[in-house]
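In case you want the letters, here they are:
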Number of protein chains: 2
Amino acid sequence: MERNIYLELTPPAQALKIWLDRIDEVCAAPGSEEVDLEQSAGRVASAAILAKRSSPAFHGAAMDGYAVFAPDTYGASTRRPLALAIGKQAWPVNTGQPLPKAANAVVMIEEINQEADAIILEKPVFPWQHVRKTGEDLVETEVILPPGALIGAQEIGALAAGGIMRPQVFKKAKVAILPTGSDLVKLGDANETDLAAGRQLPEFNSLVFSTMLKAAGAEPITLPIAPDDPEEIRRMVWTARDADLILINAGTSAGSHDFSAHVIAGLGELIAHGVSMMPGKPTVLGIASLGERKIPVAGIPGYPVSAWLAISEFVLPLLAHWQKRQPPRPEMMAAFPVKPLPSKPGMEEKLRVKLGIVDGKAWAVPLPRGAGTITSLSRADAILSIPSANEGLDAGKPGLAALLRPRNEIEGALLAIGSHDNTLDLLDSLLRRSHPRFRLTSAHVGSLGGLLALARGQAHLAGSHLLDPETGIYNEGAIRKHLGATPVALIRLVDREQGLIVARGNPLDIRSFENLGGSGIRFINRQKGSGTRVLLDWELKKRGIAPGAIAGYEDEEYTHMNVAQAVLSGRADAGLGVRAAANALGLGFEPVGFEQYDLVIPLAYLQDERVIALLEVIRSREFRDAVDTLGGYDTARTGEIVGTFQGSS
Amino acid sequence: MERNIYLELTPPAQALKIWLDRIDEVCAAPGSEEVDLEQSAGRVASAAILAKRSSPAFHGAAMDGYAVFAPDTYGASTRRPLALAIGKQAWPVNTGQPLPKAANAVVMIEEINQEADAIILEKPVFPWQHVRKTGEDLVETEVILPPGALIGAQEIGALAAGGIMRPQVFKKAKVAILPTGSDLVKLGDANETDLAAGRQLPEFNSLVFSTMLKAAGAEPITLPIAPDDPEEIRRMVWTARDADLILINAGTSAGSHDFSAHVIAGLGELIAHGVSMMPGKPTVLGIASLGERKIPVAGIPGYPVSAWLAISEFVLPLLAHWQKRQPPRPEMMAAFPVKPLPSKPGMEEKLRVKLGIVDGKAWAVPLPRGAGTITSLSRADAILSIPSANEGLDAGKPGLAALLRPRNEIEGALLAIGSHDNTLDLLDSLLRRSHPRFRLTSAHVGSLGGLLALARGQAHLAGSHLLDPETGIYNEGAIRKHLGATPVALIRLVDREQGLIVARGNPLDIRSFENLGGSGIRFINRQKGSGTRVLLDWELKKRGIAPGAIAGYEDEEYTHMNVAQAVLSGRADAGLGVRAAANALGLGFEPVGFEQYDLVIPLAYLQDERVIALLEVIRSREFRDAVDTLGGYDTARTGEIVGTFQGSS
C-alpha cells in the first residue's frame, strides 16, 4: 500500500465542531434509561427530573421543645406569663417529629419554664416559628435536576427526598477500542526477551483510554489486537457495529503501515485527517456506515501522549455532547515558563509542565516534548497550551496551564531546579509520607542551570555540585559568581562517589580516564553546565587529554540514570556518573572520588514551612538509612549547614 | 435520659487536628495491598513505585525511514550525494520498530532519494537522530509514582510502561455507617401514607455518605437502622468492630433523644462534641475501644446539609490523611453577595450559593440557610464560607466560594433574579438541552427585588409582573422608577392566569376576594415586593377590604409553588397564585384574570450569546407547547419585544 498524505491540517476546535455537527445529523445518540438511585452516581439526568413527593412530607419540629397553636400564646409577657396545659395546648416534640394537627408553631425548650402539667411562656410565639413546613425543601412536581445535571452525593440526596428511586439518565455510551499493530502484544502476555529485542510492544493505550472513558461515564470495550492489515482492521471494525463510537488506535499517521485513515474513508466519511495540534497531529475523525448504522469513528494516534490528547480533545467532548453537557474544564493557572519555549506557528502545542509557585509567581518547567514519553504526562502538574497564533512563549509572558492536580497540591510543592541526584526522589517520597501537604518537585537542568534559576527567582532551591578547579572547593565560587544579591544557605545533602560507569564485569577493562582517549571506547557524556561535566573536563585537563580524542564526547544525556542506561543498552561503553546509578542497573563502576552534593536555599525560604519540613526529613535517621542503602553515598555530613553566601549584585 | 449539653464548641480545623493526631497515636491505618493495574484507577500509591523495566525497552525508530550508522553518512552533501546500500548500510524502518544492531540513527523517508537497491543522501546524519533511545521515557529502578500519588489514566500508562502489573496501593478504608432514629425507614420501604403523617422518615443520608466515601476511595458498609436507644446503638457499633472508621448518623445534638455523644464517650474517648461551624455544629468526634481495637468514630448530624458538611470537613480529610494525601481542594472563586449576609461571630458559616458572572463580576445569591434543605446543596454552585471572625459579609466585599461545579458551567450561566414563575424552570431545561454550554440560574426575590438587582448590575435579567395600579400597565412604570440609567428591553415571556388557589373541590366555596375578609378563612400571602402581592393589595383596595381583616395576611411564602403547597398541606385555605401551581398539585383554582409576565433585559446583554440562545428557546415551538401543557398560560405574545425603556438616573 502507498503512503498516505495528510489532508489539510484542521484546527482542533474546528475539526471537533464539524465532526459533532455531522454526528448530530446522521448518528444515533446513546439514548436514556432508568437506573437505581443507588447506582446513579456519575450518571447524567437525560430530562428534567421532577419531585414525586414534597419534602418534608409533613409539618415537623425544627427544634426540640413544645408544639403550640400560636394564637394561644398572644399576650404572654414577662409581666403576664402564660401557662399552656401539656397534652391539651402544648405537646412535647423533638426535632424532626410531626406537629400535632392543632399546632402551628414550636417553642424551644430553652424559652419556657416547665411545670408538672404545663409550660410557662413569657413571650408570644409567631405562627410557623421553628417549624419545617411541608414542602419547605421540595414541592411535589418541582424540578429537582435539570437535564444534563451530573448526579453526585447531594443530587442523590435531593432525588431521595423527592421520592425518586429510579432516575432517568443517559445511557452509557458503548465505546469500542480497537488496538492495531502487528508488533503489539497484550499487556499481560509481554515477555521480557521479546520486549528488549523490540519484537513486541506491550499494548497499554487501551487501558489508558478505558480509564478515561469510564471516568467520563462511558462503557469501554477493548477488542482483540488487529495486525497492520487494512482488511483485518475493517473486519474488526465491523464486529463493533453495536457500539456508539469506535476508536481505532494507531496507524493514523502517514507511514506505509498506517491504514486507519484509509480504512475509515473506505467505511464511510473521512471528516478530518490531521489536526493542527501537537502532540496529537495524526488524529482521524470520521463516520463509518456499518449496515443500518452510522457510527462515529476516530483514529487515535499511537504515541501515548498524542493518544491521551486526542481522547481529551475529541472523544471526551463527544461524550459530553451526547449527555447535553460541556466537558468539565480543569482549573486554570497563569504560569511563566522558566525559559523561552519556541513552538511552530499554526500549531497549537500542548506542553506538559511541572509547576512551582515561588514568591507568589507560578513557574512552569517543561517536561520532555516527545509524544512517546508517557511519563511527561504522569509527572506533569498541568498542560500548558501554546496557541497556534504564537511562535512560542517568552519567559516574561505567562501561558495558561490546565491543572492535572488540585491547586493545593501545587501550592504545597517546593520547586528544585538544578543537578540531578537519585536521593532527590527519595527525599520527595519521605517528605510526602511525613508531610502529605508538601512535596518536592525537581527539574534536572544541571548545577549551573539551577543556580541561574535561583538567581531569577524561579526555584525554591537548587541541587549543586560545582567544583571550582582553582580552589578544589565545591559550589561557593559558583554561587558568588552567579547568584546575584540573593543570600543563600548551602546545606549538605550527601557526599557521593563519582566514577566511570561501565558494563557489568567491565569487559573492556576501562579503569581510568586515560583509557578513554583515542581508544575507540564509546563514551556517553553529560550536558554542559552539569557538575559531572565540569568534573570530567577538569579530570581530562589535569591529564592533558583532548576532548576531541574521546569518541562520544558530544553525545549527551541529562541524568545519571540515562548515562547508566546508555551503557546498559550497549549504546556506550562508559560514562561518568554516581555509583548509585551503576548499582541501580547492576553495572560496573570504577571510582574516581567523592564529591559534595549540596542544596542551595535562599535564606528567605529557610522559614518556609515546606523548607522546614524538608530539612527535618533530610536530618532524619530514615533518610540517611535509605540513602546508605543506595550505595556510593556518605551521609556523615548530611543536613549540615556548610555556610551562608551572597554573590555580588 | 437527660438532655446533653455541648462541650465547648471547638473550631473545626482545631477539632480535626486533635482528632487526627490522636488517631495517629492509637488507631491502626488501613494498610496497603497489591491490586491489578486494570483495577487501580482511583487508588493511591502507598510507597514509591519503581520501574521494573526501561521504556522504551530498545532503541527504536521515531520516524518512518531508513536506519543507518551515522558515521557512514559523514561527508554527504548536495554536491557529493552519498549512496547507502539497502540491506547492508540502510534498513527500512517504520516508527516504533527496533533499529538493527549496526545502526544508530534514522533518516526520514522525506530526506532521501530512493533507488532500487540504495538510498541517496545529500547531507550527513547525526548519531541517534530520530531514534527513541532505550530508557528515554523511564529507566529501570526510576520512581514512576511517589507515595500518595493518585492513580489515573496517565499514571496507569506510566506504570504499564515501567512493567508494573500490580501496583502497591493503600487499602480502601472500611467505613461503617450506622443510621439511628426510631422514626427512620429504609429508603425503599417508605410508604406514602406514613411519610405524609410523619410516622416515617425515609433514611437517605447513608446513601449520600456512601457516594461521598466511594468517591474518596473508601468502602462504605451501611448497617441496619438502630432505634433511639443507647443500648441498641452501642450494640450495633460493636458489630462494626472490623471497620476502620465508624459513623453514627444523627442523635448528635443536645435533645433528649440524642445519644450519640453519650454512646461515643461511653465506648472510649470523646474528643469533640460540637464545632463552631454552621451547618454542622452538632458534630461529634471520638475514638471507640472495641475489644483489641481502637477505632475512630464520628457522630454525624442528622440534617442532610449538616451531615454533608461534617463528612466533607472531618471524614474526607481523615481518609486523605490515611492515604498520605491532602484532601483535594475545589476550585475557588471570589464572589460578591447580592445582599449583606449577617452571620454569628465565632461561628464559621457555610452558605450554599448560586453564582452568576455579570460583566466580569461574580455574584453569589444565597440559597435557604436551613440545614434540613438538601436542595440548598443540590442547587448550589458553590459553598461560600463566612469566617468565624466575621459578623457576616457585606455586599461590597467578596467572599471565597468553593465551587461545586466546573467553572465553565458557571461562566455559561445567565443569572435571573426576580419574580418566580414555573416557566423559568422549563426555559432552563430547554436551554440546557439545545445549548449545553448555557443555563439559566434563577433566584426568586419578587419582581421589585429583581429590578433593583438589575439596577445594581447583579443579574443578567429579571422576571417581572408589576402592575401599575394607576395606569393598569405592567412593568413600565416600575422600570422607569427603579432601573436608573440602564436602558432595558421588555420581552414578553407569557401571559398568565392569576387566581385564588384553594383546596381540591373548593370545600369552603371561596369564589372571590370578598370571601376572604373577616371570614376566618386562613389566607397564605406572598412576600412584599412580589408582583402577586402588588396585585392582591390592589384588588383588596379596589374592594375596600382591609388587610387586617384577612387571617394569615402576615403569613408569607416566596413562590407560587410554596403557596400551593401551603393550601395542599391544610396550613392555609387560600392563596393568590398562578393556575399552573394549582394544576401541578391538583388543587382548586378561582381565576382572577390574566397578567403580563415579562423578562427585563438590559439592552447591553441582547448581543450576549447566552441571551441570544435564550431568546431562541423562548421563541421556539417546543417552549410554547410545553408552557401550554402546564395550563393557565397564554403564549400568543411569547417572545415579543414589548418595548425598550430607560429610567431616570
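Residues numbered from 1 in each chain as written. Chains lettered and ligands numbered in written order. Predicted model: local features only at pLDDT ≥ 70, side-chain atom pairs only at ≥ 80, totals over all residues. Heavy atoms only, no water.

Participant: I'd love a proper account of the overall build of chain A, names of residues and values included.
Facilitator: A tally of regular secondary structure across chain A gives 17 helices and 38 strands. In terms of C-alpha radius of gyration, chain A reaches 34 Å, well past the compact-globule figure of 26 Å for 649 residues. Principal axes of the C-alpha set define a box for chain A whose edges measure 110 × 75 × 45 Å. Counting the 649 residues in chain A, one finds 57% classified as buried. For chain A, the proportion of contacts with a sequence separation of at least 24, taken over those separated by at least 6, is 76%. (Helix = DSSP H or I, 4+ residues; strand = E, 2+ residues; numbered from the N terminus. Rg over C-alpha atoms; globule rule 2.2 N^0.38 Å. Buried < 20%, exposed > 50% of the residue type's maximum accessible area, 1.4 Å probe, protein only. Contact = heavy atoms within 4.5 Å.)

Participant: Lay out the packing of aromatic side chains with the relevant residues and their values.
Facilitator: Counting across every chain of the model gives 2 aromatic pairs over all chains. When the centroid spacing of 5.9 Å and the interplanar angle of 50° are considered together, the rings of Phe 336 of chain A and Trp 363 of chain A count as tilted. Note that Phe 336 of chain A is positioned in strand β22 (residues 332-337) and Trp 363 of chain A in strand β25 (residues 361-366), a separation of 27 residues in sequence. Assessed through its relative accessible area of 17%, Phe 336 of chain A is described here as buried. Trp 363 of chain A sits in the buried class, given a relative accessible area of 5%. Seen from the ring of Phe 336 of chain A, Lys 361 of chain A lies directly overhead, with NZ or CZ sitting 4.3 Å from the centre. Lys 542 of chain B extends its terminal NZ or CZ atom over the ring of Trp 538 of chain B, reaching a point 4.2 Å from the ring centre. (Phe/Tyr/Trp six-rings, centres within 6.5 Å; stacked < 30°, edge-to-face > 60°. Lys NZ or Arg CZ within 6 Å of the ring centre and 35° of its normal.)

Participant: Tell me about empty space enclosed by the protein, and please be specific about residues and values.
Facilitator: Per the counting criterion, the structure on display carries 4 cavities of 30 Å³ or more. By volume, the largest cavity amounts to about 90 Å³. Every residue lining the largest cavity is listed: Glu 409, Arg 432, Pro 436, Arg 437, Phe 438 and Arg 439 of chain A together with Pro 147, Gly 148, Lys 324, Arg 325 and Gln 326 of chain B. For the lining of the largest cavity, a count of residues per class yields 3 nonpolar, 2 polar and 6 charged. (1 Å grid on protein atoms, 1.4 Å probe; cavity = no way out; pocket = protein on both sides within 12 Å on 5 of 7 lines; lining within 4 Å. Points joined across faces, edges and corners; volume = space filled by probe spheres on them. Nonpolar A, V, L, I, M, F, W, Y, C, P; charged D, E, K, R; others polar.)

Participant: For unusual backbone geometry, give the residues involved together with the corresponding values.
Facilitator: Residue and element names in this part refer to chain A. A cis amide bond, omega -5°, links Ser 55 with the succeeding residue Pro 56. Within the fold, Pro 56 resides in the loop between β2 (49-50) and β3 (60-61). Along the chain, Met 278 connects to Pro 279 via a cis peptide bond; the corresponding omega equals -10°. The phi angle at Asn 506 is positive, at roughly 50°, despite the residue not being glycine.

Participant: Tell me about the sheet that holds strand β5 (residues 82-85) of chain B, residues and numbers included.
Facilitator: Residue and element names in this part refer to chain B. Taking strand neighbours across the sheet as the criterion, the 3 strands line up as β5-β9-β8 in an open arrangement whose pairing is antiparallel. Of all the strands in the sheet, the pair left with one neighbour each is β5 and β8 (112-114). Along the sheet, successive strands turn relative to each other by an average axial angle of 30°, direction set aside. The pairing of β8 with strand β9 (residues 118-121) spans 3 bridges and is antiparallel. Directly across from Ile 112, in β9, lies its bridge partner Leu 121. (Pairing = 2+ DSSP bridges. Axes fitted to C-alpha atoms, helices over the stretch in contact; angles between N-to-C directions.)

Participant: Can you lay out the side chain of Asn 525 of chain B for me, pointing to particular residues and giving the numbers?
Facilitator: Residue and element names in this part refer to chain B. On the secondary structure map, Asn 525 appears in strand β33 (residues 523-526). You can call Asn 525 buried: its relative accessible area is 2%. The residues touching Asn 525, leaving out its near neighbours within four places in the chain, are Arg 533, Leu 536, Gly 552, Tyr 553, Asp 555, Glu 556, Glu 557 and Val 563.

Participant: Quick rundown of the relation of the copies chain A and chain B? Include the residues and the values.
Facilitator: For the pair chain A and chain B, the superposition axis carries a translation of 0.0 Å, the fit reaches an RMSD of 0.1 Å, and the rotation angle comes to 180°. Here the transformation between the copies is reduced to the relation of a two-fold axis. Identified as the residue of chain A closest to the rotation axis by C-alpha distance is Glu 331 of chain A, at 3.2 Å. Take the interface residues of chain A: 100% of them recur as interface residues in chain B, which is what a same-surface contact looks like. (Least-squares fit on C-alpha atoms with pLDDT ≥ 70 in both.)

Participant: For the pattern of salt bridges, give the residues involved together with the corresponding values.
Facilitator: Residues and elements named next belong to chain A. One pass over the full model with this rule turns up 82 salt bridges over all chains. The residue Arg 166 makes a salt bridge to Glu 34 at a minimum N-O spacing of 3.3 Å. A residue pair is termed long-range when its members are at least 10 positions apart, and Arg 166 in the loop between α2 (153-161) and β12 (168-170) and Glu 34 in strand β1 (residues 32-34) qualify at 132 residues. With relative accessibility at 42%, the residue Glu 34 sits in the partly exposed group. (Salt bridge = Lys/Arg side-chain N within 4 Å of Asp/Glu carboxyl O.)

Participant: Pulling in residues and values, what's your account of the sheet that holds strand β6 (residues 90-93) of chain B?
Facilitator: All names here are of chain B. The strand order across the open sheet formed by 3 strands is β6-β4-β7, and the pairing between neighbours is antiparallel. Each edge of the sheet is formed by a strand with only one pairing partner; in this case those strands are β6 and β7 (105-108). Across the sheet, the axes of successive neighbouring strands diverge by a mean angle of 35°, strand direction being ignored.

Participant: I'd like a description of the interface of chain A and chain B, backed by residues and values.
Facilitator: Listed per partner, the contact involves 104 residues of chain A and 104 residues of chain B. For the chain A and chain B pair, buried surface summed over both sides reaches about 9100 Å², with 54% attributable to carbon and sulfur atoms. Across the chain A-chain B interface, the total number found is 8 salt bridges. Salt-bridge contacts for Lys 133 of chain A lead to Glu 557 of chain B; the nearest nitrogen and oxygen are separated by 3.3 Å. At the level of secondary structure, the elements contributing two or more residues to the side of chain A that touches chain B comprise α2, α3 (192-197), β15 (201-203), α4 (205-215), α8 (375-378), α9 (407-411), α10 (422-434) and α14 (560-568) of chain A. No other element matches α2 of chain A, which puts 8 residues into the side of chain A that touches chain B. (Buried area = accessible area lost by both parts, 1.4 Å probe.)

Participant: Describe in detail the pairing of strand β29 (residues 413-418) of chain A, supporting the description with residues and values.
Facilitator: All names here are of chain A. Taken across its 6 residues, β29 has 6 buried, putting it largely inside the fold. In β29, alternate side chains face the same way, and those of Ala 413, Leu 415 and Ile 417 on one face and Leu 414, Ala 416 and Gly 418 on the other are all buried. In the classification by handedness, the crossover that spans β29, the intervening α10 and the parallel strand β30 (residues 439-444) is right-handed. (Right-handed = clockwise from strand over helix to strand, strands pointing away.)

Participant: Go over helix α11 (residues 447-455) of chain B, please, and point to the residues and values.
Facilitator: Residue and element names in this part refer to chain B. Taken residue by residue, α11 has Ser 447, Gly 450, Leu 451, Ala 453 and Leu 454 as its buried positions. Within α11, the buried residues cover an arc of 160° as seen down the axis, which keeps them to one side. Buried residues along α11 sit in contact with β29 (413-418), β31 (462-464), α12 (476-482), α13 (531-543) and β36 (588-602). Phi turns positive one or two residues past the end of α11, at Gly 457, with a value near 75°. (Arc of directions from axis to C-beta.)

Participant: Please give an account of the pairing of β7 of chain B that cites residues and values.
Facilitator: Residues and elements named next belong to chain B. The alternating pattern of β7 places Ala 105 and Val 107 and Val 106 and Met 108 on opposite faces, both of which are buried. Bridging between strand β4 (residues 65-68) and β7 involves 4 bridges; their strand directions are antiparallel. Directly across from Val 68, in β7, lies its bridge partner Ala 105.

Participant: Explain the packing of α10 of chain A against helix α16 (residues 609-618) of chain A residue by residue, including any values.
Facilitator: Axis angle and axis distance: for two packed helices, these are the angle between their axes and the distance between the axes, and together they describe the pair. Residues and elements named next belong to chain A. Interaxial distance between α10 and α16 falls to 10 Å at its minimum, and their mutual angle equals 110°. With respect to each other, α10 and α16 are oriented roughly perpendicular. The hand of the α10/α16 crossing is right-handed. Here Leu 427, Leu 430, Leu 431 and Ser 434 of α10 lie close against α16, whose contacting residues are Ala 613, Leu 614, Val 617 and Ile 618. Here the residues of the contact of α10 with α16 sort into 7 nonpolar, 1 polar and no charged. (Parallel < 35°, antiparallel > 145°, perpendicular 65-115°, else oblique. Left-handed = near helix turned anticlockwise from the far one by under 90°.)

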